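Structural overview
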Amino acid sequence: MGQCGITSSKTVLVFLNLIFWAAAGILCYVGAYVFITYDDYDHFFEDVYTLIPAIIIIAVGTLLFIIGLIGCCATVRESRCGLATFVIILLLVFVTEVIVVVLGYVYRAKVENEVNRSIQKVYNEYNGTNTDAPSRAIDYVQRQLHCCGIHNFSDWRNTRWFKETRNNSVPVSCCKASITSCSGSLSRPGDLYQEGCEALVVKKMKDIMMHVIWAALTFAAIQMLGMLCACVVLCRRGRDPAYELLVTGGTYA
């Protein structure tokens with residue numbers, strides 16, 4: 001019975017180590033996704049706090065590769081020291097992921113205020129050229145999120161670009177993708193996206209932060225199971241005679 005329980009715990013532990021390697025790849029992907037998306041929307045944020053959870057997630061993902069290696073070696077070699085190190089590192093990573101979750105919720109709450117504060121400035125800097133970073137950012141967001149203006153397309157009337165061009169038109173990035181002959185003219189409002197970009201940018205960034213939070217929560221739960229299995233193996237190694245016989249290859253007299 002003792003050997004069966006030990007073998008079961010070891011099997012689960014080895015399986016969890018394989019999951020850690022898969023988790024490492026997923027966490028690094030999530031962190032990279034946040035970085036790439038932030039690069040598209042960074043003009044709407046004056047601070048880079050949104051990247052802090054992503055940086056931590058990538059660091060955790062990298063560490064999980066090492067943890068998986070240590071865990072597999074310790075389990076196969078029956079190393080008490082290795083298993084103890086495995087548990088300690090898992091505990092540290094678990095605490096780090098809890099911090100990621102907390103930071104994710106805190107920064108997620110700040111996204112709306114940050115966008116509200118900066119979006120008007122970005123729209124005022126628009127000049128309609130591809131060489132200008134704010135202009136590229138606005139055109140990209142309006143095409144990708146199917147939006148126009150801050151709250152709606154009429155917001156363009158208050159921008160410097162609209163007053164300078166004097167053609168009663170908004171950027172063509174406001175045109176619906178299904179309208180091929182759209183020039184952005186306000187005389188044909190039906191050709192334009194009706195929803196403003198501010199709410200959609202906020203929603204997009206909040207969704208990204210939720211991806212980070214859920215990734216951290218999911219793998220924190222897996223790590224708890226890994227720590228539990230490692231602790232079971234450690235405890236039985238020191239107290240269960242059947243385990244000692246299993247490790248040494250001995251037999252009962």
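Here the structure is shown first, and the text comes after it.
The following refers to the structure shown. (Residues numbered from 1 in each chain as written. Predicted model: local features only at pLDDT ≥ 70, side-chain atom pairs only at ≥ 80, totals over all residues. Heavy atoms only, no water.)

1. Thoughts on the overall build of the protein
To keep it simple, the criterion reads: Elements are defined by DSSP. Helices are runs of H or I of four residues or more, strands are runs of E of two residues or more, and each kind is numbered from the N terminus. Type-normalised accessible area, obtained with a 1.4 Å probe on protein chains alone, sets the label of each residue: buried when under 20%, exposed when over 50%, and partly exposed for intermediate values. The contact criterion used is simple: two residues touch if any of their non-hydrogen atoms lie within 4.5 Å.
Helices and strands together make up the secondary structure of the protein, namely seven helices and zero strands. Walking the protein from its N terminus toward its C terminus, one meets helices and strands in the order α-α-α-α-α-α-α. Out of the 253 residues in the protein, the part that is buried amounts to 46%. Taking the intrachain contacts of the protein between residues at least 6 apart in sequence as the baseline, contacts between residues at least 24 apart amount to 71%.

2. As for the environment of Asn168
Note on placement: Asn168 falls in the loop between helix 5 (160-165) and helix 6 (197-239). With relative accessibility at 34%, the residue Asn168 sits in the partly exposed group. The contacts of Asn168, once residues within four sequence positions are left out, are Arg157, Phe162, Gly184, Ser185, Leu186 and Ser187.

3. Digging into the side chain of Asp139
Selection criterion: A residue counts as positive if it is Lys or Arg and as negative if it is Asp or Glu; His and the chain ends are not included. Throughout this description, the term salt bridge denotes a Lys or Arg side-chain nitrogen within 4 Å of a carboxyl oxygen of Asp or Glu. Polar contacts, as counted here, are pairs of nitrogen or oxygen atoms within 3.5 Å of one another; within protein the pair requires one atom able to donate a hydrogen and one able to accept it, and residues that are adjacent in sequence qualify only if both atoms are side-chain atoms.
By the element assignment, Asp139 lies in helix 4 (residues 133-145). An unpaired buried charge is present at Asp139: no salt bridge exists, and Arg143, the closest side chain of opposite charge, is 4.8 Å distant. A distance of 2.8 Å separates a polar atom in the side chain of Asp139 from a polar atom in the side chain of Ser173. If sequence neighbours within four positions are ignored, Asp139 has contacts with Tyr126, Pro171 and Ser173.

4. Quick notes on the state of the cysteines
Two cysteines, two sulfur atoms, one covalent bond between them: this is a disulfide. Short version of the rule: Two cysteine sulfur atoms form a disulfide, by the criterion used here, when they sit within 2.5 Å.
Counted according to the given criterion, the structure contains three disulfides. If the cysteines joined by disulfides in the protein are listed in sequence order, their pairing comes out as 1-6, 2-3, 4-5.

5. Thoughts on helix 4
The following threshold applies: What a helix should span is 1.5 Å times the count of its residues minus one.
With 13 residues, helix 4 extends 18 Å between its outermost C-alpha atoms, agreeing within 8% with the 18 Å of an ideal straight helix rising 1.5 Å per residue. Taken as a whole, helix 4 has its buried residues at Pro134, Ser135, Ala137, Ile138, Asp139, Val141, Gln142 and Leu145. Just beyond helix 4, the residue with positive phi is His146, at close to 55°.

6. Re the nonpolar core
We count it as follows: What we call a nonpolar core is a set of buried Ala, Val, Leu, Ile, Met, Phe, Trp, Tyr and Cys residues that are connected through their side-chain atoms within 4.5 Å.
One finds Phe44, Leu64, Tyr123, Val141, Trp156, Leu192 and Val201 to be the most contacted residues of the largest nonpolar core, which totals 61 residues. Mapped onto this core, the elements with two or more residues apiece are helix 1 (2-41), helix 2 (51-77), helix 3 (80-124), helix 4, helix 5 and helix 6. Ranked by residues supplied to this core, first place goes to helix 6 with 15 residues. Residues contacting Val201, with those up to four places away along its chain left out, are Tyr41, Phe44, Val115, Val141 and Leu145.

Limitation: the analysis is restricted to geometry and does not speak to function.
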